[in-house]
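So the chains spell out like this:
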Amino acid sequence: MTESTNKRTRNNMEEEGVGGEDRISRLPEPIIHHILTLLPTKCAFSTTILSKGWNNLWITSVPVDVIPKSVEKLCNVKLLKLSDSVFEKLELAGVLSASFPTFNNLNTLEVSFIKTRLVKPLFTFLQFSPNLESLVFSGVCGDKINEDAFTLDVVPHCLLMNLKSIKFQYFKGQLKELDLVQLFLQNARVLQTVIIEISSDHFVNSDKKKHMCD
């Protein structure tokens, strides 16, 4: 086989994703979360060797009854990426209590998607992240909730002392999204930066409404 033939073979393999780019990691995180839920816990955990971006995604596949032990393995991380399904499982498992491990080293928390009815368990989780400085929301869903969901019984320590930056991505300007922003503005005492990235769907829908009115 000539050198030119070998080169073409390598190029074809890379184009097909064999030994080339990691196409799975390019999938949206909700799809990756779903894939992990189909795997046994040990297999899901082993995916952390595939990519740094997968380090903390595996927890979404963990059964409720083994969550406490699984969380302990993550309590020393500086960056944590979670979906709202994690907060839902933590709430169902009833583990957000005084015995829950404290994430003292956690500096940045990225929430890939959050339903507003899960705001309460989110803020309960923040109570165990005292040194958190940066919080990122990649989407907020304004589902039906009780009015007290945006009322804090206890303001997390990180909001009082350390949280400096909040970023909202794919923001659509829905009422519950605005309520969540307001909740942080009212309680984050040392907040320095709030970034709101408007979803492109917002402009598309606005243009459609404008054309309909015209």
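For the structure given in this document, a descriptive report is provided here. (Residues numbered from 1 in each chain as written. Predicted model: local features only at pLDDT ≥ 70, side-chain atom pairs only at ≥ 80, totals over all residues. Heavy atoms only, no water.)

A few words on the overall build of the protein. Tallying secondary structure elements over the protein gives 9 helices and 7 strands in all. For the protein, with 214 residues in total, the buried portion stands at 37%. In the protein, 78% of the contacts between residues at least 6 apart in sequence involve partners at least 24 apart. Carbon together with sulfur atoms contributes 54% to the accessible area of the protein, which is approximately 12,600 Å² in total. (Helix = DSSP H or I, 4+ residues; strand = E, 2+ residues; numbered from the N terminus. Buried < 20%, exposed > 50% of the residue type's maximum accessible area, 1.4 Å probe, protein only. Contact = heavy atoms within 4.5 Å. Areas by Shrake-Rupley, 256 points an atom, 1.4 Å probe, with all protein chains shown as cover.)

The subject of this paragraph is the side chain of serine 129. As for its position among the elements, serine 129 is in the loop between helix H6 (119–126) and strand E4 (134–138). A polar contact is formed between the side chain of serine 129 and the backbone oxygen of phenylalanine 125, at a distance of 3.4 Å. Excluding its chain neighbours within four sequence positions, the residues that come into contact with serine 129 are Phe103, Leu106 and Cys158. (Polar contact = N/O pair within 3.5 Å; in protein donor to acceptor, adjacent residues only side chain to side chain.)

With that settled, the discussion passes to the pattern of salt bridges. Pairing is possible between side chains that carry opposite charge, provided their charged atoms lie close to one another. Per the stated rule, a full pass over the model turns up 3 salt bridges. Residue lysine 120 is joined to aspartate 153 by a salt bridge in which the shortest nitrogen-to-oxygen separation is 3.9 Å. Placement of lysine 120 in helix H6 and of aspartate 153 in the loop between strand E5 (140–141) and helix H7 (157–161) is noted, with a sequence separation of 33 residues between them. By relative accessible area, which is 27% here, lysine 120 ends up partly exposed. (Salt bridge = Lys/Arg side-chain N within 4 Å of Asp/Glu carboxyl O.)

Take the pairing of strand E6 (residues 165–171) next. Bridge analysis of E4 against E6 gives 5 bridges, and the strand direction is parallel. Within E6, the position partnered with phenylalanine 137 by the bridge is phenylalanine 168. (Pairing = 2+ DSSP bridges.)

Once that is clear, we can look at the nonpolar core. In this structure, Leu109, Phe125, Phe137, Leu180 and Phe184 are the most contacted members of the largest nonpolar core, which totals 42 residues. Mapped onto this core, the elements with two or more residues apiece are strand E1 (79–82), helix H5 (84–93), strand E2 (108–111), H6, E4, H7, E6 and helix H8 (175–187). Broken down by element, the residue count for this core peaks at 5 residues, all from H6. Excluding residues within four positions of it along the chain, phenylalanine 125 makes contact with Leu80, Leu82, Phe87, Leu90, Leu96, Phe100, Phe103, Leu106 and Leu109. (Core = buried A, V, L, I, M, F, W, Y, C linked by side-chain atoms within 4.5 Å.)

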